[in-house]
Amino acid sequence: MEITVYLAGEIHSNWRGELKEKAKSLQLPIHFAGPMENHDRSDMIGEEILGKQPDAIFRDEAASSINNLRTQLLMQKSDLVIALFGEKYKQWNTAMDASAAVTLGKPLILIRPKELHHPLKELSSKANVTVETVNQALKVLSYIFETE
């Protein structure tokens, strides 16, 4: 059995690459999906497809509609969602994606540092599993495939 895991969360660090490499080294049968990790492409996709926009607000709106479509489609096709809340960046997209996973009935693993326990307590209570590190999330994934 192979599963598809949607990796939601900030795109500025290499947490996805780290998780993918470790899953590969463990030979876990997982296909990964996630948001566009090229930040400039994500920001400019609206103008690339729809043409020059009159200002930054319209450019953001055009890009957001296309990025939201991509996220919705890939998340709906996923078996599980992992949402990482880091300490460094604002996490509005992560919160939106984690909430979407809950709404879609997708199993959710929430990764959040202990320092973010209080602001994420309600979302954490909706997740199937809450962990503090990428390695702990990987151990949960690995456990899914254990037979004995």
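Whatever comes next refers back to the structure up there.
Reading guide: rules and limits
Residues numbered from 1 in each chain as written. Predicted model: local features only at pLDDT ≥ 70, side-chain atom pairs only at ≥ 80, totals over all residues. Heavy atoms only, no water. Helix = DSSP H or I, 4+ residues; strand = E, 2+ residues; numbered from the N terminus. Buried < 20%, exposed > 50% of the residue type's maximum accessible area, 1.4 Å probe, protein only. Lys, Arg positive; Asp, Glu negative; His and termini not counted. Salt bridge = Lys/Arg side-chain N within 4 Å of Asp/Glu carboxyl O. Polar contact = N/O pair within 3.5 Å; in protein donor to acceptor, adjacent residues only side chain to side chain. Pairing = 2+ DSSP bridges. Axes fitted to C-alpha atoms, helices over the stretch in contact; angles between N-to-C directions. Contact = heavy atoms within 4.5 Å. Core = buried A, V, L, I, M, F, W, Y, C linked by side-chain atoms within 4.5 Å. Left-handed = near helix turned anticlockwise from the far one by under 90°. Nonpolar A, V, L, I, M, F, W, Y, C, P; charged D, E, K, R; others polar.

Another aspect to go through is the side chain of E47. Along the chain, E47 falls in helix α2 (residues 39–50). An unpaired buried charge is present at E47: no salt bridge exists, and K52, the closest side chain of opposite charge, is 4.2 Å distant. Within the local environment of E47, its side chain forms a polar contact with the backbone nitrogen of Q53, the two atoms lying 2.9 Å apart.

The next thing to look at is the sheet that holds strand β3 (residues 80–84). Pairing is parallel across the open sheet formed by five strands, whose spatial order is β2-β1-β3-β4-β5. The open sheet has two edge strands with one neighbour each: β2 (30–33) and β5 (129–131). Across the sheet, the mean angle from the axis of one strand to that of its neighbour is 20 degrees, orientation sign disregarded. Two strands pair when backbone bridges link them, and strand β1 (residues 3–9) and β3 are joined in this way by five bridges, in the parallel orientation. Within β3, the position partnered with G9 by the bridge is L84.

A separate point is the side chain of R112. Mapping R112 onto the fold places it in the loop between β4 (108–111) and α5 (121–126). Although R112 is buried, it forms no salt bridge, and the closest oppositely charged side chain is E132 at an N-O distance of 4.3 Å. At 3.2 Å, the side chain of R112 and the side chain of H117 are in polar contact. Ignoring anything within four residues of it in the chain, the contact list for R112 reads F85, H117, L120, S124, T130, V131 and E132.

Summed over the entire model, instances satisfying the criterion amount to four salt bridges. The closest approach of N and O atoms between K22 and E18, which form a salt bridge, is 3.2 Å. Within this pair, K22 and its partner E18 are both found in helix α1 (residues 15–25), separated by four residues, close to a single helical turn. Assessed through its relative accessible area of 27%, K22 is described here as partly exposed. Residue E18 is classed as partly exposed on the basis of its relative accessible area of 34%. Put simply, R41 and E48 hold a salt bridge, and the shortest N to O gap is 2.6 Å. Taking the relative accessible area as the measure of exposure, R41 reaches 35% and is therefore partly exposed. Look at E48 and you get exposed, because its relative accessible area is 52%.

Nonpolar side chains tend to gather and get buried jointly when the protein is soluble and globular. In this structure, V5, I30, I82 and L141 are the most contacted members of the largest nonpolar core, which totals 20 residues. Every element with two or more residues in this core is listed here: β1, α1, β2, β3, β4 and α6 (134–144). Sort the elements by how many residues they give to this core and α6 lands first, with four residues. In this view, V5 contacts I30, H31, F32, A33, S78, L80, I82 and L141; residues no more than four positions away in its chain are not counted.

Where α1 contacts α6, the axes come no closer than 10 Å and their chain directions differ by 35 degrees. Remark: the crossing between α1 and α6 carries right-handed chirality. Of the residues in α6, those in contact with W15, E18, L19, K22 and A23 of α1 are V134, N135, L138 and L141. Split into classes, the residues belonging to the contact of α1 with α6 amount to six nonpolar, one polar and two charged.

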